[in-house]
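Next come the chains, spelled out residue by residue.
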Amino acid sequence: MDVTKIRKDFPVLNRKVNGRPLIYFDNAATSQTPTKVINTIVDYYENYNANIHRGVHALSQEATDAYEGARQKIQLHFNAAQPYEVIFTSGTTHAINIVSNGYTELLNQGDELIVSALEHHSNIVPWQMLCEKTGALLKVIPMNEDGVLLMDAYDDLLSERTKLVFVNHVSNALGTINPIEEIINKAHEVGAEVLIDGAQASPHIKADLQSINVDYYVTSAHKICGPTGIGLSLIHISEPTRQEAISYAVFCLK
C-alpha cells in the first residue's frame, strides 16, 4: 500500500495543522473526499445542472441519465436485485426514519420490535418513537463484556409477535461485526423483517444483499468517500407488506 500516493487523492491532506501535515483519523465519522468525487460534483454544476425526471431539454436528460446511472452502480455494488430497490435519501438517519414512518400504520399494540444494545442513537430513537405511537414493545438484545451480542438471548426474544429487528452491521462505537446473516435468518423464521444499519460496514465490507436476504440495508455516502448529504436505503421488495410500508413512507414525506 502506497500511503503517499493515496494521500495525493485527497486535497485536504495537503493542509497543515499546527505547522504539521494533516493526519486525519476520524474517517469512521466522516471520510474525506477524493479529487475524483470533487471533480465529478464540479462537472455536474458546470455542465448539466438541471431537474431530474422533470424536463425534456438536454440538460435535464443528461442529469437524469447520470442520476439513474448512479443508482445502477449502487445496485451492482451491493448486488441488489433491481435498480428500483435503491432509494436515495439524505443519509442513514433519514433512511431509518423513512422506514420507521412507513410502519406507523402497520403495527398494533402488543407487537414487538427488537434492537441491539450496540446501536447508534439514530437506530434507537426512531423505534422508541414508533413504539410510543403504536403501542408496540421495544426489546433489546444484550451484549457481553467483550461487546458481542448474546445470540441465545436473541433467540429468546424472538416470537410470533416480533415484527421488526434492527441491528447495525458493524458497531460505530466498538467495531463489533455482528452476525447479521444469522440475525436475519432467525427473524425471517418468525415472520419478522430486518433493517441493517450499514453505515460503518460499507467502507470495509461489500454486503451482498441478495445473499444475506435483508429487507432494508441503509448507509451514508459521507462515510465512504462520497459527498455529505447523500445516503441510501436498499429495500428488498417482494411482499405486499413492504409495498404498503414504502407507499406510506412516500405519503409521510409529501
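In what follows, the structure referred to is the one given above.
These notes cover the structure that comes with them. Quick caveat: nothing in here was measured; it's all calculated off a predicted structure.

Some words on the pairing of strand β6 (residues 162-168)
Counting buried positions along β6 yields six of seven residues, so the element is predominantly enclosed. Of the pairings in the sheet, the one linking β6 to strand β7 (residues 193-197) comprises five bridges and is parallel in character. Its bridge partner lying in β7, L164 is registered against E193.

A closer look at the pattern of salt bridges
Overall, the coordinates contain five salt bridges when judged by the stated rule. With its nearest N and O atoms 3.0 Å apart, the salt bridge here joins R161 to E112. Highlighted residues: R161 in the loop between α6 (151-157) and β6 and E112 in strand β4 (residues 112-116), separated in sequence by 49 residues. Judged by its relative accessible area of 41%, R161 is partly exposed. In this structure, K186 engages D155 in a salt bridge whose closest nitrogen and oxygen atoms are separated by 2.9 Å. With K186 in helix α7 (residues 180-189) and D155 in helix α6, this residue pair connects regions lying 31 residues apart in the sequence. Here the residues in one salt-bridge network are E112, K139 and R161, joined through shared partners.

Some points on a nonpolar patch on the surface
A contiguous nonpolar patch, built from M1, V3 and I6 and spanning about 360 Å² of accessible area, is present on the exposed surface. Inspection of the secondary structure puts I6 in helix α1 (residues 3-7).

Quick word on helix α5 (residues 125-134)
Regarding α5, the residues found buried are P126, W127, L130, C131 and T134. The arc that holds the buried residues of α5, viewed along the axis, is 140°, so those residues lie on one side. Where α5 terminates, the next one or two residues include G135, which has phi positive at roughly 85°.

Looking at the packing of aromatic side chains
With the rule as written, the count across this model stands at six aromatic pairs. On the basis of an interplanar angle of 70° and a centroid distance of 4.9 Å, the ring pair of Y44 and Y45 is categorised as edge-to-face. Here a set of aromatic residues connected by ring pairs shows up, and it is made of Y44, Y45 and Y48.

Some words on the layout of surface pockets
If you add up the space inside the largest pocket, you get close to 1400 Å³. The wall of the largest pocket is formed by 35 residues, among which T40, A70, I74, P227 and I230 lie closest to the centre. Among the elements that line the lining of the largest pocket, the one with the most residues is helix α3 (residues 58-78), at nine residues. Of the residues in the lining of the largest pocket, the class split is 23 nonpolar, 10 polar and two charged. Forming the walls of the second largest pocket are 19 residues, and the residues nearest its centre are F10, Y24, N27, S31 and C225.

Some remarks on the side chain of N123
Looking at the element boundaries, N123 is found in the loop between β4 and α5. A polar contact is formed between the side chain of N123 and the side chain of E119, at a distance of 2.8 Å. When residues no more than four places from it in sequence are discounted, the contact partners of N123 are I96, V115, F166, V167, N168, L195 and D197.

A word on the sheet that holds β4
Pairing is mixed across the open sheet formed by seven strands, whose spatial order is β3-β9-β8-β7-β6-β4-β5. The open sheet is flanked by β3 (86-89) and β5 (137-141), the only strands paired with a single partner. Between one strand axis and the next, the sheet turns by 20° as a mean value, whatever way the strands run. Where β3 lies against strand β9 (residues 231-235), four bridges are found, and the strand directions are antiparallel. Opposite T89, over in β9, you have G231 as the bridge partner. Taken strand by strand, helix α4 (residues 92-102) contacts β3, β7, β8 (216-220) and β9, and its axis lies near 150° from that of β8. The strands that α5 touches are β4, β5, β6 and β7; relative to β5, the one it contacts most, it runs at about 150°.

Some details on the nonpolar core
Membership of the largest hydrophobic core comes to 30 residues, with the highest contact counts inside it found for Y154, V165, I196, L209, V214, Y217 and L234. Among the elements of the structure, α3, α6, β6, α7, β7, α8 (209-212) and β9 are those that each provide at least two residues to this core. It is α7 that contributes the most residues to this core, four residues altogether. Grouped together as the second largest cluster of nonpolar side chains are 18 residues, I96, L113, C131 and L195 included.

Quick notes on the rules
- Residues numbered from 1 in each chain as written.
- Predicted model: local features only at pLDDT ≥ 70, side-chain atom pairs only at ≥ 80, totals over all residues.
- Heavy atoms only, no water.
- Buried < 20%, exposed > 50% of the residue type's maximum accessible area, 1.4 Å probe, protein only.
- Helix = DSSP H or I, 4+ residues; strand = E, 2+ residues; numbered from the N terminus.
- Pairing = 2+ DSSP bridges.
- Salt bridge = Lys/Arg side-chain N within 4 Å of Asp/Glu carboxyl O.
- Patch = residues over 30% accessible without salt bridge, like charges linked within 9 Å, V, L, I, M, F, W, Y side chains within 5 Å.
- Areas by Shrake-Rupley, 256 points an atom, 1.4 Å probe, with all protein chains shown as cover.
- Arc of directions from axis to C-beta.
- Phe/Tyr/Trp six-rings, centres within 6.5 Å; stacked < 30°, edge-to-face > 60°.
- 1 Å grid on protein atoms, 1.4 Å probe; cavity = no way out; pocket = protein on both sides within 12 Å on 5 of 7 lines; lining within 4 Å.
- Points joined across faces, edges and corners; volume = space filled by probe spheres on them.
- Nonpolar A, V, L, I, M, F, W, Y, C, P; charged D, E, K, R; others polar.
- Polar contact = N/O pair within 3.5 Å; in protein donor to acceptor, adjacent residues only side chain to side chain.
- Contact = heavy atoms within 4.5 Å.
- Axes fitted to C-alpha atoms, helices over the stretch in contact; angles between N-to-C directions.
- Core = buried A, V, L, I, M, F, W, Y, C linked by side-chain atoms within 4.5 Å.

Bear in mind that shape data such as this cannot, by itself, settle questions of function.
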